[in-house]
There are 2 protein chains.
Amino acid sequence: MEQNIGRLISILYRKGQAYLNAVLEPFGITASELPILVCLYKGSGKTQEEIGAYSCIDKAAIARAVQSLVNKGWLRKEKDNIDKRANKIYLQEIAITSEKQIMQLLHSWAGYLAEGLEQENVAIMYNVLEDMVKKLT
Amino acid sequence: MEQNIGRLISILYRKGQAYLNAVLEPFGITASELPILVCLYKGSGKTQEEIGAYSCIDKAAIARAVQSLVNKGWLRKEKDNIDKRANKIYLQEIAITSEKQIMQLLHSWAGYLAEGLEQENVAIMYNVLEDMVKKLT
């Protein structure tokens, strides 16, 4: 295979992080905290392990991002009723009321990338990327 | 758009970095140094600005990775004959003799990702990713 998927993915990743850091600045959160929120928007009250499994981010980075969002008042930790050693992470009000805007920013990035491209091909790309991610998770 | 391209790209990026760090360990180099080598494999003797433009990595990260590879004996810097303020970066022997193996490792990752998928769709995915990257560079 002649093409270098690593280069394409790396560029999209880095440019995406830079874009998100810029547009998230008014909210006082960062691109590296975003995957935690996106995961909890699918259902508040998850363990750090569950968040890590969804986003494929390592334990230490999840712990740092969660703690940072707790400090900023976006999340709170609560002892799990069943497994007393585990914490469950819940969205706080600021996170809940910002959901729509945050998700719009995320979609605006996806929309910008796909703009002007053949939508059928974009859909195929999504399916292929999803199949690749499934292999890895 | 329902799908979250950010999540897919981030997972492929992080898993790719982890894979490459593991397979590059015997060479004593890291995934973050790899884009510099890949760029110079297309032609030795480039400025840091040229390497940055190709890989979309910021100045500071390029400077760190180049210096690390210079320290490891993989690259050398030389003053440019025309622009005396600029350095040109050249591959050293260890980098040149490792090219084939390094590029094979990179392709093995791409090959693993594409394995078992419809090759026509993988080709479409490459084209779409390339079009997206072109918008950003």
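Structure first, text after, so check above.
Residues numbered from 1 in each chain as written. Chains lettered and ligands numbered in written order. Predicted model: local features only at pLDDT ≥ 70, side-chain atom pairs only at ≥ 80, totals over all residues.

> Teacher, can you tell me more about the interface of chain B and chain A here?
By a frequent convention, interface size equals the accessible area lost on bringing the separate parts together. In this assembly, 42 residues from chain B lie in contact with 43 residues from chain A. When residues of the side of chain B that touches chain A are traced back to their parent elements, those giving at least two are helix 1 (5-24), helix 2 (34-41), helix 5 (93-114) and helix 6 (119-136) of chain B. The element best represented in the side of chain B that touches chain A is helix 6 of chain B, accounting for 13 residues. Considering only residue class, the side of chain B that touches chain A consists of 26 nonpolar, eleven polar and five charged. (Contact = placed C-beta atoms within 7 Å. Helix = DSSP H or I, 4+ residues; strand = E, 2+ residues; numbered from the N terminus. Nonpolar A, V, L, I, M, F, W, Y, C, P; charged D, E, K, R; others polar.)

> Could you clarify how one ought to interpret the nonpolar core in this entry?
Here is a general trend for soluble globular proteins: nonpolar side chains tend to be buried in one another's company. Among the nonpolar cores identified, the biggest contains 33 residues, and Met125 and Leu129 of chain A together with Ile9, Leu12 and Met125 of chain B are the most heavily contacted of them. At the level of secondary structure, the elements contributing two or more residues to this core comprise helix 1 (5-24), helix 5 (93-114) and helix 6 (119-136) of chain A together with helix 1, helix 5 and helix 6 of chain B. Each residue touching Ile9 of chain B, except ones within four places of it in the same chain, is listed here: Ile9, Leu12, Tyr13 and Gly16 of chain A. (Core = buried A, V, L, I, M, F, W, Y, C linked by C-beta atoms within 7 Å. Buried ≥ 20, exposed ≤ 12 C-beta atoms within 10 Å, placed from the backbone.)

> Can you walk me through unusual backbone geometry in this structure?
When glycine is set aside, most residues are seen to have a negative phi, and most peptide bonds are trans. All names here are of chain A. A positive phi angle, close to 60°, is found at Cys56, a residue other than glycine. Within the element layout of this structure, Cys56 appears in the loop between helix 3 (48-55) and helix 4 (59-71). Residue Cys56 is classed as partly exposed on the basis of its C-beta count, with 18 C-beta atoms lying within 10 Å.

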